[in-house]
Amino acid sequence: MKIVLNGAPQEVRAETLSELLEECGFSGRVATAVNEEFVPSSLRIGHALNDSDRVEVLSPMQGG
């Protein structure tokens, strides 16, 4: 499936947002949005992805 991940086109096998995070190596606490809609961590496992979805994954940064 072709999606846009953090602004870059990506070909992935994942069918859910949770699978995508694992496939792309995201770990720890992250914030996720699909097509500009926030997806809480509790809903990622059931959030199905579709061709051309725009996914944003953000991780917190420390420092000032």
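Attention here is on the structure that accompanies the text. (Residues numbered from 1 in each chain as written. Predicted model: local features only at pLDDT ≥ 70, side-chain atom pairs only at ≥ 80, totals over all residues. Heavy atoms only, no water.)

1. What to know about the sheet that holds strand S3 (residues 31-34)
Link 1 in the chain: Taken together, 5 strands build an open sheet; the order of strands is S2-S1-S5-S3-S4 and the sheet is mixed. Two strands lie at the open edges of the sheet, namely strand S2 (8-11) and strand S4 (37-39), each paired on one side alone. Sheet twist, expressed as the average angle between the axes of neighbouring strands with direction ignored, equals 35 degrees.
Link 2 in the chain: Relative to S2, strand S1 (residues 2-5) runs antiparallel, the two sharing 4 bridges. Bridging across to S2, lysine 2 finds its partner in glutamate 11. (Pairing = 2+ DSSP bridges. Helix = DSSP H or I, 4+ residues; strand = E, 2+ residues; numbered from the N terminus. Axes fitted to C-alpha atoms, helices over the stretch in contact; angles between N-to-C directions.)

2. Thoughts on the environment of histidine 47
Link 1 in the chain: Counting through the fold element by element, histidine 47 comes out in the loop between S4 and strand S5 (54-58).
Link 2 in the chain: Distance in space between the C-alpha atoms of histidine 47 and lysine 2 is 16 Å, their sequence separation being 45 residues.
Link 3 in the chain: Aside from chain neighbours lying at most four places away, what touches histidine 47 is Glu15, Thr16, Leu17, Val34 and Val39. (Contact = heavy atoms within 4.5 Å.)

3. Structural notes on the pairing of S1
Link 1 in the chain: Alternating residues of S1 divide into Ile3 and Leu5, all buried, and Lys2 and Val4, none buried.
Link 2 in the chain: Pairing between S1 and S5: 2 bridges, direction parallel. Within S5, the position partnered with valine 4 by the bridge is arginine 54. (Buried < 20%, exposed > 50% of the residue type's maximum accessible area, 1.4 Å probe, protein only.)

Interpretation note: all reported values are geometric properties and have no functional meaning in isolation.
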